[in-house]
Amino acid sequence: MKSKSNLIQTRAIIILRKALAVMKKEFITMISYKLNFLFKLSSIWLSLLVYYFLSKLIDPAVSTQLQPYGGNYFSFVLIGTAFSSYLNVGLDGFSSSIRNAQLTGTLEAVLVTRTRFTTILIFQTLWNFLFASIHVIAYLIFGFAFFESDLGNPDYFAAIVMLLLTILAFSSLGILSGSFILVFKKGTPVNWLFYHLSRFLGGVFYPITVLPEWCQKLAQLLPITHSLRGIRLALLQGYSLSQLHTEVYSLIVFIVILLPVSIICFNLAFRQTRKDGTLCHY
Amino acid sequence: MSDFSNNSEIGKIIVRCENITKYYPVPLPIKSIFKFQFIREKKLILDNIGFSVREGEIFGIIGPNGAGKTTTLKIMCTLTTPTKGKAFVYGHDVAKERRDVLKKIGYCISEERSFFWRLTGRQNLNFFADLLEVPPEKAKRRINELLERFELEDSSDKRFLNYSSGMKQKMAIARSLLADPEVIFMDEPTRGLDPGSAFKLRSLIKSFAKEENKTIIITTNRVSDIKNLCQRILVLNKGKAVIKGTLEEISSSVKKEKGVSGELPFEETFNLLLANNKVGTNGEIKK
């Protein structure tokens, strides 16, 4: 029994070491492009300015659609924009990691190691989520420190649970998208469909209640709708997890359906490209 | 010709390739979509290739560009699967037991872009050591040892993008040795190197193969690699096995076939073999 627990512990250490290796590699690469890092930070600042002046146009007294979220457009759009970056990472993380490795030529070298391909992709995506979190934190700090934004009485625990469910749901879509990149190398319908539909219907820039009714129904089929509503209500109105049960259950349904489907698709795509000999083509 | 000459010193068979055939699908041209033709044509890359390699041996696969050398290696390294036939490393089927095979092998990719260029040489080796599950203390020791052996210590903390072609090739070999694997597959390790650097690299390969008792399977289109490194070879041309055996066996077979008396330089033997292009499924030259 003891040896079994030792084995599990050793395995856990090895996995942790691999995760740290991938993140260290990504971090060193990122900071080696210093200018790019600075530009990314400055782009946050500039987009906040745009949203801030846009929010001046919208009078809280007349915007009844914003009342469920506290009535402040700037806070609404700040959270929408900040957290939608998780959608981008979730959708794009897997596929861009594969595509980068194909383009840079490191894919073969990584595939002949003793680490599963999916494990490396998961760690790479984890790094992307970590970086997206820095992005989100920067958005929120800038937004609340320098602009007229207020969190009210946030329920951080509920927001974190919503965020974890969001990451899992978006990652499922990302794995599906990665399957397309493995086989077709460039262009994935999953990204195209979910990225544009999510920005249009998901409530990033406006509450979905401003949309026609049939659009609102369609919006329910997108994980981002539930995720943004949940996170906004938790952060801006202090909703607890029990008050967010509809959003929580909706995201769980997405995960339960999408995650196994995407893993099956990815394994099939990996097997097919290995058979075709096109695994490392781009 | 038999797979092995009567040499009692050589060890047990650890790499076996049995009648491997590989077809690659040809991408569909755009016009076929409009004609509703969705069945892809297949191109024959390897045709019924078979060979075995014994423990401690340096086995060469030589042939011109497009002969199927890299595809053979990729099959052995589990990067692609054979359409027909089977291949084994230490008894593990390369198509079905990928993880077990990967525990036994090192793959030296001569593609310089297989490294992370923004990282230093040492950071690259550390990264791959972690993915290869080498314990940290052992990895540190091994990396220092390899950097010293390949005369890379002084440049180990420079970014990989600043390395010369020779240094990049040395790094590729060092990476394949990180986890101390039993078998190392090397894809054209001297590609792109000037004769002097190629000579030095061959000496290095020879010395570590002997000192660490490694089994090496090397692909090349340089006759000098074969002459200086390999105990036995397989000659491939257009996906077919032209001949296999020791250099002496091949040379005498070609001399007999062509009616050549006296010395026949191996370069000439190789040219005659490829010009002949009559292929037997087991590697014999057809009469």
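Just so it is clear, the structure is predicted and the values come from calculations on it, not from any experiment.

Quick look at the packing of helix 3 (residues 73-104) of chain A against helix 9 (residues 223-236) of chain A
Residue and element names in this part refer to chain A.
Point 1. Put simply, helix 3 and helix 9 touch, their axes get as near as 10 Å, and they point 130° apart. With respect to helix 9, the axis of helix 3 lies oblique. The two elements helix 3 and helix 9 meet at a crossing, and its hand is right-handed. Side by side, helix 3 and helix 9 meet where S75, F76, I79, G80, F83, S84 and L87 of the first sit next to I224, L228, I231, R232, L235 and L236 of the second.
Point 2. Residue classes in the contact of helix 3 with helix 9 are distributed as nine nonpolar, three polar and one charged.

Things to note about the environment of A:L49
All names here are of chain A.
Point 1. As for its placement among the helices and strands, L49 is situated in helix 2 (residues 34-55).
Point 2. What makes L49 partly exposed here is the crowd of 13 C-beta atoms within 10 Å.
Point 3. With 84 residues separating them along the chain, L49 and S133 place their C-alpha atoms 20 Å apart.

Description of the interface of chain B and chain A
Point 1. Contacts between the two partners involve 24 residues from chain B, matched on the other side by 24 residues from chain A.
Point 2. Across the side of chain B that touches chain A, the residue classes break down as 13 nonpolar, five polar and six charged.

Let's talk about the packing of helix 6 (residues 156-184) of chain A against helix 9 of chain A
Residues and elements named next belong to chain A.
Point 1. Closest axis-to-axis distance for the helix 6/helix 9 pair is 9 Å, and the angle between their directions is 165°. On the basis of their axis angle, the class for helix 6 and helix 9 is roughly antiparallel. The two elements helix 6 and helix 9 cross, and the hand of that crossing is left-handed. For the pair formed by helix 6 and helix 9, the contact residues are A158, A159, M162, L163, T166, A169 and F170 on the first element and P223, S227, G230, I231, A234 and L235 on the second.
Point 2. Classifying every residue of the contact of helix 6 with helix 9 gives ten nonpolar, three polar and no charged.

Remarks on the pairing of strand 1 (residues 13-25) of chain B
Residues and elements named next belong to chain B.
Point 1. Two elements, strand 1 and strand 2 (residues 42-54), share nine bridges in a ladder whose sense is antiparallel. Paired with I13 across the bridge in strand 2 is R54.
Point 2. In this sheet, strand 4 (residues 84-89) lies alongside strand 1 in antiparallel orientation, the contact comprising five bridges. Looking across to strand 4, one finds that T21 is bridged to K84.

Structural notes on unusual backbone geometry
Point 1. Look at A:K185: it is not a glycine, yet its phi comes out positive at around 70°.
Point 2. Along the chain, A:K185 falls in the loop between helix 6 and helix 7 (189-201).
Point 3. Unlike most non-glycine residues, B:N48 shows phi in positive territory, near 55°.
Point 4. With respect to the helices and strands, the residue B:N48 is situated in strand 2.

Regarding the environment of B:C77
Point 1. Position of B:C77 among the secondary structure elements: in the loop between helix 2 (69-76) and strand 4.
Point 2. Residues B:C77 and B:K104, spaced 27 residues apart in sequence, show a C-alpha to C-alpha distance of 9.9 Å.

Let's talk about the nonpolar core
Point 1. If you look at the biggest cluster of nonpolar residues, it comprises 144 residues, and the most contacted ones within it are A:A234, B:M76, B:F185 and B:I217.
Point 2. Considering every element that reaches this core, the biggest residue donor is helix 3 of chain A, with 15 residues.
Point 3. In contact with B:M76, not counting residues within four places along its chain, are B:V15, B:A87, B:V89, B:V94, B:F185 and B:I217.

Details of the domain arrangement of chain A
Residues and elements named next belong to chain A.
Point 1. Taken domain by domain, chain A consists of domain 1 (1-32) and domain 2 (33-276).
Point 2. Here the C-alpha centroids of domain 1 and domain 2 sit 26 Å apart.
Point 3. Every contact between the two is made by eight residues of domain 1 and, on the other side, ten residues of domain 2.
Point 4. Of the residues that constitute the side of domain 1 that touches domain 2, the class distribution is five nonpolar, one polar and two charged.

Digging into helix 7 (residues 195-211) of chain B
Residues and elements named next belong to chain B.
Point 1. Counted at 1.5 Å a residue, the expected span for helix 7 with its 17 residues is 24 Å, and the 24 Å between its end C-alpha atoms agrees.
Point 2. Of the residues making up helix 7, those classed as buried are A198, L201, R202 and I205. Axial view of helix 7: buried residues confined to an arc of 105°, hence all on one face. Exposed and facing more than 90 degrees away from the buried side of helix 7 are G196, S203, S207, K210 and E211.
Point 3. Buried residues along helix 7 sit in contact with helix 6 (165-177), strand 8 (215-220) and helix 8 (223-229).

About the thresholds
- Residues numbered from 1 in each chain as written.
- Chains lettered and ligands numbered in written order.
- Predicted model: local features only at pLDDT ≥ 70, side-chain atom pairs only at ≥ 80, totals over all residues.
- Axes fitted to C-alpha atoms, helices over the stretch in contact; angles between N-to-C directions.
- Helix = DSSP H or I, 4+ residues; strand = E, 2+ residues; numbered from the N terminus.
- Parallel < 35°, antiparallel > 145°, perpendicular 65-115°, else oblique.
- Left-handed = near helix turned anticlockwise from the far one by under 90°.
- Contact = placed C-beta atoms within 7 Å.
- Nonpolar A, V, L, I, M, F, W, Y, C, P; charged D, E, K, R; others polar.
- Buried ≥ 20, exposed ≤ 12 C-beta atoms within 10 Å, placed from the backbone.
- Pairing = 2+ DSSP bridges.
- Core = buried A, V, L, I, M, F, W, Y, C linked by C-beta atoms within 7 Å.
- Domains from an automatic or database assignment.
- Expected span 1.5 Å × (residues − 1).
- Arc of directions from axis to C-beta.

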